[in-house]
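# Overview (structure and organization)
Given next are the chains, with one letter for each unit.
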Amino acid sequence: MSLTHQDVARIAKLARINVSEAEIAATADQLNNIFGLIEKMQAVDTDGIEPMAHPQDVSLRLRDDVVTETSQREAFQAVAPQVEKGLFLVPKVIE
């Protein structure tokens with residue numbers, strides 16, 4: 001796929017970007033180079049290749065899922081102005 005100068009100008013207009021003629025030519029060249037690279041990458045045969053999460057074969061060190069903080073719910077509810085059935089009651093603010 002190759003973009004023409006008219007294509008780039010139309011895309012710039014749709015994106016509401018003010019682009020000069022010199023910038024249109026440079027942008028068209030850059031976009032065409034990117035499209036060329038994408039075509040080369042799509043031409044590579046990747047059948048039978050397993051996807052990788054990381055380019056190096058590394059494993060993450062995992063830690064035990066242990067609770068490290070104590071529950072302070074009772075302390076917080078003790079200082080609350082109104083608590084009913086374990087819930088904080090707040091005044092109605094919408095009229």
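Presented here is a report on the structure given in the accompanying data block. Bear in mind the structure is a predicted one, so any value in this text is a computation, not a measurement.

## Concerning the overall build of the protein chain
Broken down by element type, the protein chain carries three helices and two strands. When its helices and strands are written in sequence order, the protein chain yields α-α-α-β-β. Over its C-alpha atoms the protein chain spans a radius of gyration of 30 Å, topping by over 25% the 12 Å that the globule rule assigns to 95 residues. When burial is assessed residue by residue, the protein chain has 7% of its 95 residues classed as buried. Within the protein chain, the 15 negative side-chain charges are centred at a point lying 10 Å from the centre of the 9 positive side-chain charges.

## Considering unusual backbone geometry
Within the chain, R16 stands out as a residue other than glycine whose phi angle is a positive 60°. Its location among the elements puts R16 in the loop between helix 1 (5–14) and helix 2 (21–43). Since its relative accessible area comes to 73%, R16 is described here as exposed.

## Thoughts on the packing of helix 1 against helix 2
One can describe the packing of helix 1 onto helix 2 by two numbers: an axis separation of 9 Å at closest approach and a directional angle of 105°. One finds that helix 1 runs roughly perpendicular with respect to helix 2. On helix 2, the residues that touch H5, V8 and A9 of helix 1 are I24, A25, T27, A28 and L31. For the contact of helix 1 with helix 2, the per-class residue count stands at six nonpolar, two polar and no charged.

## Structural notes on the environment of P81
Mapping P81 onto the fold places it in the loop between helix 3 (73–78) and strand 1 (83–84). Placed 32 residues apart in sequence, P81 and I49 show a C-alpha to C-alpha distance of 63 Å.

Criteria and cut-off values
- The residue numbers shown here count from 1 along each chain, following its written sequence.
- Whole-chain, interface and lining totals are the exception, using all residues; otherwise, since this is a predicted model, local features are given only for residues with pLDDT of at least 70 and side-chain atom pairs are given and counted only at 80 or more.
- Values reported for side chains reflect all heavy atoms of the structure, with hydrogen atoms and water molecules removed beforehand.
- Numbering of helices and strands starts at the N terminus; helices are DSSP runs of H or I of at least 4 residues and strands are runs of E of at least 2.
- Atoms counted for the radius of gyration: C-alpha only. Globule rule: 2.2 Å times residue count to the power 0.38.
- Note on classification: 1.4 Å probe, protein chains only; a residue is buried when its accessible area is under 20% of the maximum for its type, exposed when over 50%, partly exposed between these limits.
- Charged residues are defined here as Lys and Arg on the positive side and Asp and Glu on the negative side; His and the ends of the chain fall outside this count.
- Throughout, a charge is located at the NZ atom of Lys, the CZ atom of Arg, the CG atom of Asp or the CD atom of Glu.
- Each axis is a line fitted through C-alpha atoms, taken for helices only over the stretch in contact, and angles between the N-to-C directions span 0 to 180 degrees.
- The scheme is simple: roughly parallel for angles under 35 degrees, roughly antiparallel for over 145, roughly perpendicular for 65 to 115, oblique for anything else.
- Here, two residues are considered to be in contact whenever any of their heavy atoms come within 4.5 Å of each other.
- The residue classification treats Ala, Val, Leu, Ile, Met, Phe, Trp, Tyr, Cys and Pro as nonpolar and Asp, Glu, Lys and Arg as charged. All others, Gly included, are polar.

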